[in-house]
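As a plain string of letters, each chain reads:
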Amino acid sequence: MYQRIFTLAILSFSPVFCDDCASEFDILTNHYYELGCTPVSDQSGVIDQFQCPDFETFDKEKCHLFGKVYNPHDIIDMDNIPRKICVESCFCGPRFGADFPAKFNCHYNHCFEQGAFYNKPCVFQRSFSNCCAEKIICDDQQIKELHQCYHNDRSYREGEIIDSIQKCYECICDQDFNNETDVTINPNCQKKKHICNTQLYDFKQYQLGCVPVYYGKHPDNCPTHYKCPKDSDEIIKGDSTGSGTSCKFGKLVFQKGDKLIDNCVECLCSVPPMLTCRQYSKCLN
């Protein structure tokens, strides 16, 4: 019988992303997809705008997730949430004043294998759909009976995550894994997903008319914070493309190419209907 030694661990639940695995455009428009907006392409087939509901008109007394409405204190149907985001349970918290719409409060999934140390090698069997290991095998004989995969001069047991030579992909060992098949078309592999859980954690920001702010010229993460409309906001006219599309922000309407600068944050109407905002390090205090 193996022994488990538990230690106190501080677990960090960060958004899932992959440096260099998504283009800058994909990162800066990811919130549109997570909010359920529809991409619209120009005549050349390039996405140049999105069609979104008017989130500011959504009932602020209730919570909203994937098209479903929850009353305060309602518990989310967990079948309506991708399990990979590591949430065990959520309920709709009530509204507090004009600036604090109802929002979800969640209990994170503390995986059994996190914070536990084993006194012998174990196999953590995983799947693409689950945050935590689905099964932990530590018995020597059972481990020997597991199917083995080979990739990049390393061996893996059935259910283990395979370290792909292409860092934007992850694979799982099973009896059908073929290391001669390129990971981009291998049925046992998938591209790492850029997930920020926008609807679950940040939907209230969009109800208040705020827009996401990304860090730096080459963002590789989820938004660091949100910029909300202020009375002092002003439009800086740019080179309009004449496309007829615009970005609405508070009481202001920006034509494509127009900018807004607020101290450290620079926003551009580049992919309507929202401004695309970045914060630059040279402005940080």
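Remember, predicted model here, so these are calculated numbers, not experimental data.

J.: I'd like to hear about the sheet that holds strand E22 (residues 276-279), residue by residue, with values.
T.: Read across the sheet, five strands follow the order E17-E16-E22-E21-E20 without closing on themselves; strand pairing throughout is mixed. Strand pairing shows two members of the sheet lacking a second neighbour, strand E17 (225-227) and strand E20 (259-262), which therefore form its edges. For this sheet, the mean angle separating the axes of adjacent strands, direction not counted, is 30°. Sheet topology places strand E16 (residues 211-215) next to E17; three bridges connect them, and they run antiparallel.

J.: Outline the pattern of salt bridges, listing residues and values.
T.: Where side chains of opposite charge bring their charged atoms close, a pairing between them can arise. The full count for this structure, using the stated rule, is nine salt bridges. A salt bridge links Lys227 to Asp262, with the shortest nitrogen-to-oxygen separation between them at 2.9 Å. Taken as a pair, Lys227 in strand E17 and Asp262 in strand E20 lie far apart in primary sequence, 35 residues in all. Here Lys227 falls in the buried class, since its relative accessible area comes to 5%. By relative accessible area, Asp262 is classed as partly exposed at 22%. Between Lys237 and Asp258 there is a salt bridge, with its nearest N and O atoms 3.0 Å apart. In this pair, Lys237 sits in the loop between E17 and strand E18 (246-249) while Asp258 sits in the loop between strand E19 (252-255) and E20, placing the two residues 21 residues apart along the sequence. By relative accessible area, which is 0% here, Asp258 ends up buried. A cluster of three or more residues bridged by salt bridges with shared partners is formed by Lys227, Lys230, Asp233 and Asp262.

J.: Could you give an account of the nonpolar core, with specific residues and numbers?
T.: Ranked by size, the top nonpolar core spans 22 residues in total, and within it Leu35, Phe55, Phe254, Met274, Leu275 and Cys277 carry the most contacts. Breaking this core down by element, the ones donating at least two residues are helix H5 (203-207), E16, E18 and strand E21 (265-268). Dropping the residues within four chain positions of it, Phe55 is found in contact with Leu35, Cys37, Phe203, Tyr206, Gln207 and Met274. Of all hydrophobic cores here, the second largest spans 13 residues; its members include Cys63, Cys92, Phe104 and Leu200.

J.: How would you summarise the packing of aromatic side chains if you had to cite specific residues and measurements?
T.: All chains considered together, the criterion is met by eight aromatic pairs. On the numbers, 5.5 Å between centres and 80° between planes, the contact of Phe55 with Phe203 is edge-to-face. Here the residue Phe55 occupies a position in the loop between strand E3 (47-51) and strand E4 (63-65), and Phe203 occupies one in helix H5, the gap between them amounting to 148 residues. The pair formed by Phe55 and Phe203 is uniform in burial state, with each residue classed as buried. Members of the aromatic cluster, joined through ring pairs, are Phe55, Phe58, Phe203, Tyr206 and Tyr226.

J.: Talk me through the sheet that holds strand E15 (residues 189-191); I want residue IDs and the actual numbers.
T.: Here we have three strands laid out as an open sheet, ordered E13-E14-E15, and antiparallel in their pairing. Each of the sheet's edge strands pairs with one partner strand only, and the pair in question is strand E13 (161-163) and E15. With strand direction ignored, the average angle separating the axes of adjacent strands in the sheet is 35°. Both E13 and strand E14 (residues 169-172) contribute to a ladder of three bridges, which runs antiparallel. Of the residues in E14, the one forming a bridge with Ile162 is Cys171.

J.: Can you break down the confidence of the model for the protein chain residue by residue, with the values?
T.: Confidence along the protein chain averages 84 in pLDDT terms, with 86% of residues attaining 70 or more. Across residues 1-19, where pLDDT falls below 50, the model places 40 contacts with residues more than four positions away in sequence or in other chains.

J.: Explain the state of the cysteines to me, using residue names and the numbers behind them.
T.: Going through the model one piece at a time under the given rule, you end up with 10 disulfides. In this model Cys196 forms its disulfide with Cys222; the gap between the sulfur atoms is 2.0 Å. Its S-S torsion of about -90° marks the bond between Cys196 and Cys222 as left-handed, since a negative value means left-handed. Separated by 26 residues along the polypeptide, Cys196 in the loop between E15 and helix H4 (198-201) and Cys222 in the loop between E16 and E17 bring together distant segments of the chain. Since its relative accessible area comes to 10%, Cys196 is described here as buried. Disulfide partner of Cys210: Cys228, at an S-S distance of 2.0 Å.

J.: Just give me the short version of the pairing of E14, but keep the residues and values in it.
T.: The side-chain alternation of E14 yields two buried faces, one formed by Tyr169 and Cys171 and the other by Glu170 and Ile172. Note: E14 against E15, three bridges, orientation antiparallel. Counterpart to Glu170 in the pairing with E15 is Gln190.

J.: Explain the environment of Ser281 to me, and be specific about the residues and the numbers.
T.: Summarising the element assignment, Ser281 is placed in the segment after E22. For Ser281, a relative accessible area of 47% puts it in the partly exposed group. Sequence separation between Ser281 and Tyr215 is 66 residues, and the spatial gap between their C-alpha atoms is 7.9 Å.

The rules behind these values
Residues numbered from 1 in each chain as written. Predicted model: local features only at pLDDT ≥ 70, side-chain atom pairs only at ≥ 80, totals over all residues. Heavy atoms only, no water. Pairing = 2+ DSSP bridges. Helix = DSSP H or I, 4+ residues; strand = E, 2+ residues; numbered from the N terminus. Axes fitted to C-alpha atoms, helices over the stretch in contact; angles between N-to-C directions. Salt bridge = Lys/Arg side-chain N within 4 Å of Asp/Glu carboxyl O. Buried < 20%, exposed > 50% of the residue type's maximum accessible area, 1.4 Å probe, protein only. Core = buried A, V, L, I, M, F, W, Y, C linked by side-chain atoms within 4.5 Å. Contact = heavy atoms within 4.5 Å. Phe/Tyr/Trp six-rings, centres within 6.5 Å; stacked < 30°, edge-to-face > 60°. pLDDT = per-residue confidence, 0-100. Disulfide = S-S within 2.5 Å.

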